[in-house]
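What follows is each chain in one-letter form.
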Amino acid sequence: MAGNGVFAEILDGEVFKYYADGEWKKSSSGKSVAIINPTTRKTQYKVQACSQEEVNKVMDSAKSAQKLWAKTPLWKRAELLHKAAAILKEHKAPIAESLVKEIAKPAKDAVTEVVRSGDLVSYCAEEGVRILGEGKFLVSDSFPGNERTKYCLTSKIPLGVILAIPPFNYPVNLAVSKIAPALIAGNSIVLKPPTQGAVSALHMVHCFHLAGFPKGLINCVTGKGSEIGDFLTMHPGVNCISFTGGDTGIAISKKAGMIPLQMELGGKDACIVLEDADLDLVAGNIIKGGFSYSGQRCTAVKVVLVMESVADALVEKVKAKVAKLSVGAPENDCDITPVVSESSANFIEGLVMDAKEKGATFCQEYKREGNLIWPLLLDNVRPDMRIAWEEPFGPVLPLIRINSIEEGIHHCNASNFGLQGCVFTKDINKAIMIGDAMETGTVQINSAPARGPDHFPFQGIKDSGIGSQGITNSINMMTKIKTTVINLPSPSYTMG
Ligand code: NAP
């Protein structure tokens, strides 16, 4: 159970503590933030509302701890990460239970998220040992006008304190995808978990604590993003921000100082379906891509663009599969579970009502109870409807009928997002040409968009992000190149 056994020390009465300087602490603010269970709509947990003074102290200890950590041999850093990964997997049950209670993640998916996170931490340790153990050696005479009088050595050095801010939908996985690369590269971490998802994240942090990382190296401050977010992101002690979430990331990138930013933001992933596509394959991927975790995934299929000639057949196949989706509580491992909050459910409903007023065809009856919204496919969506462009982050999927490939590509590229997209066709040449024309960070051919496997590069263009994630890219992004130039008194050529 959450907050029990080895996790007992992270709980004080009914409020979970925050983690700073290697210890679990109560905030001096005396205030707490409630986490509402999306299913019961009642307070499930409480976390500390950390103060600005506490953030200042955390930044100081993160800075001091980082200086020592940067001098810790790479193999030792990797060893500790492997240990944390094993502890995380060992304690998957209570962490998964928190994911079920605070973000209504279906029970099996919650366990998968924790196990995948352990694997990510281990992979990161191994990749770090490989790529950080290598540098470059350059000689000066390759540039015109130079003799071989200079040897240049390059290596990768840490940035310092990394501020990690993940979103609610993968509070464990998207936290470790920032923490592990930061640590292997010799940085320290200040984690600000999403409020919905904070308790799962605190349990995950405790696994790193149990692994024995030095004091102050990993810190986790809780509180509402709207209250402490700006103070954190504009803090002079932060040397890099790795953020995943919605439009908040755009605001942060305008306010942050001259530091590297890694931003993974929203998406409106288009699924282009050509006349020759295998429609059973498409329908299966639309269900998996559009409705897993009730559509609350950055890479969910968020608009289907299907050629008119096969649209009727595809809609029938998708409808048949939607009818089989189970709807209910995450504890029962239902396919469709309540969305994260009442405001999110209201937002989704607003998109549905707008589409209704403007004449979309409802393939199922719209049904909502509290935060639970039944899966809905909207056919005959047109570009004047909000749902054609906005990200519902819920189990509602618009379908637009197109008459040419160009029309599909145009719709995809007219979006302000550019995360992923997918194209279904048996013609690989067409798939590649369409994929190249789509203005997105990734294109999947004959499969729904997806963030994993976690070592693949993952990036968005336009409002979908800055930089690239994926284990290797994140390690590189959280380092800086340092060069040392050896100047010789006279030219020297090997074997010369
Ligand atoms: P969000 O509202 O942007 O919140 C993300 C994080 O930012 C949370 O930890 C939040 O804390 C924090 N935050 C809020 N205001 C802040 C501020 N002023 N300064 C600093 N941090 C602040 O996003 P969400 O609702 O959790 O997640 C859904 C969004 O994430 C969707 O748009 C989805 O597409 C996107 N997403 C993108 C990816 C990707 O890799 N591209 C992956 C997953 C999700 P609080 O919870 O305390 O407010």
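These numbers come from a predicted model, not from an experiment. (Residues numbered from 1 in each chain as written. Predicted model: local features only at pLDDT ≥ 70, side-chain atom pairs only at ≥ 80, totals over all residues. Heavy atoms only, no water.)

Concerning the UniProt feature "active site" (unreviewed entry) in the protein chain
At step 1: The feature "active site" (unreviewed entry), as annotated in UniProt, sits at E264 in this numbering.
At step 2: Structurally, the position occupied by E264 is in strand β13 (residues 261-264).
At step 3: Residues within four places of E264 in sequence aside, it is in contact with F243, T244, G245, L419, F458, Q459, G460, S464, G467, S468 and Q469. (UniProt positions renumbered as here; feature names shortened; annotations may be inferred. Helix = DSSP H or I, 4+ residues; strand = E, 2+ residues; numbered from the N terminus. Contact = heavy atoms within 4.5 Å.)

Considering the site of the ligand
At step 1: Taken together, 31 residues sit near the ligand, with K192, T195, T248, L265 and E391 positioned nearest.
At step 2: Here G246 contributes a backbone N or O atom positioned 2.8 Å from an oxygen atom of the ligand.
At step 3: For the ligand, an oxygen atom lies 2.5 Å from a polar atom in the side chain of E391.
At step 4: Computed on the free molecule, the ligand has an accessible area of 920 Å², of which 84% lies beneath the protein chains in the complex.
At step 5: Considering each element in turn, the shell around the ligand owes the most residues, five residues, to helix α7 (residues 225-233). (Near = heavy atom within 4 Å. Polar contact = N/O pair within 3.5 Å; in protein donor to acceptor, adjacent residues only side chain to side chain. Areas by Shrake-Rupley, 256 points an atom, 1.4 Å probe, with all protein chains shown as cover.)

Digging into the side chain of N173
At step 1: Topologically, N173 is positioned in helix α5 (residues 173-184).
At step 2: Judged by its relative accessible area of 0%, N173 falls in the buried class.
At step 3: Within the structure, the side chain of N173 is placed 3.5 Å from the side chain of S117, a separation counted as a polar contact.
At step 4: In contact with N173, not counting residues within four places along its chain, are E113, R116, S117, L120, R451 and D454. (Buried < 20%, exposed > 50% of the residue type's maximum accessible area, 1.4 Å probe, protein only.)

So, the sheet that holds strand β8 (residues 150-158)
At step 1: The antiparallel open sheet is built from three strands, whose spatial order is β7-β8-β26. On the outer flanks of this sheet lie β7 (136-139) and β26 (479-487), each paired with one strand and no other. On average, each strand axis in the sheet is tilted by 25° relative to the strand beside it, whichever way the strands run.
At step 2: Here β8 pairs with β26 via nine bridges, running antiparallel. Bridge assignment links P158 to a residue of β26, and that residue is T479. (Pairing = 2+ DSSP bridges. Axes fitted to C-alpha atoms, helices over the stretch in contact; angles between N-to-C directions.)

A few points about helix α12 (residues 405-414)
At step 1: Every buried residue belonging to α12 is among G408, I409, H411, C412 and N413, and all of these are buried.
At step 2: Of the surrounding secondary structure, the elements contacted by the buried residues of α12 are β14 (270-273), β15 (303-307), β20 (396-402), α13 (428-437) and β24 (461-462).

Digging into the packing of helix α3 (residues 92-103) against helix α6 (residues 198-211)
At step 1: The geometry of α3 relative to α6 is characterised by a closest axis approach of 8 Å and an angle of 165° between their N-to-C directions. As far as their axial angle goes, α6 and α3 are roughly antiparallel. The hand of the α3/α6 crossing is left-handed. Residues I95, S98, L99 and E102 of α3 pack against A198, V199, S200, H203, M204 and C207 of α6.
At step 2: When the residues that make up the contact of α3 with α6 are grouped by side-chain class, the tally is six nonpolar, three polar and one charged. (Parallel < 35°, antiparallel > 145°, perpendicular 65-115°, else oblique. Left-handed = near helix turned anticlockwise from the far one by under 90°. Nonpolar A, V, L, I, M, F, W, Y, C, P; charged D, E, K, R; others polar.)

Notes on a nonpolar patch on the surface
At step 1: On the surface, F137, L153 and I486 cluster together to form a nonpolar patch covering roughly 270 Å² of accessible area.
At step 2: Relative to the helices and strands, I486 resides in strand β26. (Patch = residues over 30% accessible without salt bridge, like charges linked within 9 Å, V, L, I, M, F, W, Y side chains within 5 Å. Salt bridge = Lys/Arg side-chain N within 4 Å of Asp/Glu carboxyl O.)

A short note on the nonpolar core
At step 1: Grouped together as the largest cluster of nonpolar side chains are 69 residues, with contacts concentrated most on L183, M204, F208 and F213.
At step 2: Examining the composition of this core, we find that nine residues originate from one element, α6, more than from any other.
At step 3: Both domains that furnish three or more residues to this core are identified here as domain 1 (5-265 + 464-481) and domain 2 (270-445).
At step 4: Core analysis: the second largest hydrophobic core is formed by 57 residues, V304, V315, I348 and A448 among them. (Core = buried A, V, L, I, M, F, W, Y, C linked by side-chain atoms within 4.5 Å. Domains from an automatic or database assignment.)

Looking at unusual backbone geometry
At step 1: Put simply, G452 and P453 share a cis peptide bond, and its omega is -10°.
At step 2: Mapped onto the elements of the fold, P453 is located in the loop between β23 (442-445) and β24.

Considerations on the pattern of salt bridges
At step 1: Within this structure, the stated rule accounts for 23 salt bridges.
At step 2: Among the ionic pairs, E391 bridges to K302, the shortest N-O distance being 2.9 Å. One end of the pair, E391, is in the loop between β19 (376-379) and β20; the other, K302, is in the loop between α9 (279-291) and β15, with 89 residues separating them in the sequence.
At step 3: Residue classification places E391 among the buried positions, given a relative accessible area of 19%.
At step 4: Where R401 meets E308, a salt bridge forms, and the shortest distance between an N and an O atom there is 2.9 Å. Of this pair, R401 sits in strand β20 while E308 sits in helix α10 (residues 308-322), placing them 93 residues apart in sequence.
At step 5: A relative accessible area of 15% places R401 in the buried class.

Regarding the state of the cysteines
At step 1: For the coordinates displayed, the defined rule picks out zero disulfides.
At step 2: Free of any disulfide, C50 has its nearest cysteine sulfur in C220, 8.1 Å distant.
At step 3: On the basis of relative accessibility, which here comes to 7%, the residue C50 falls in the buried class. (Disulfide = S-S within 2.5 Å.)

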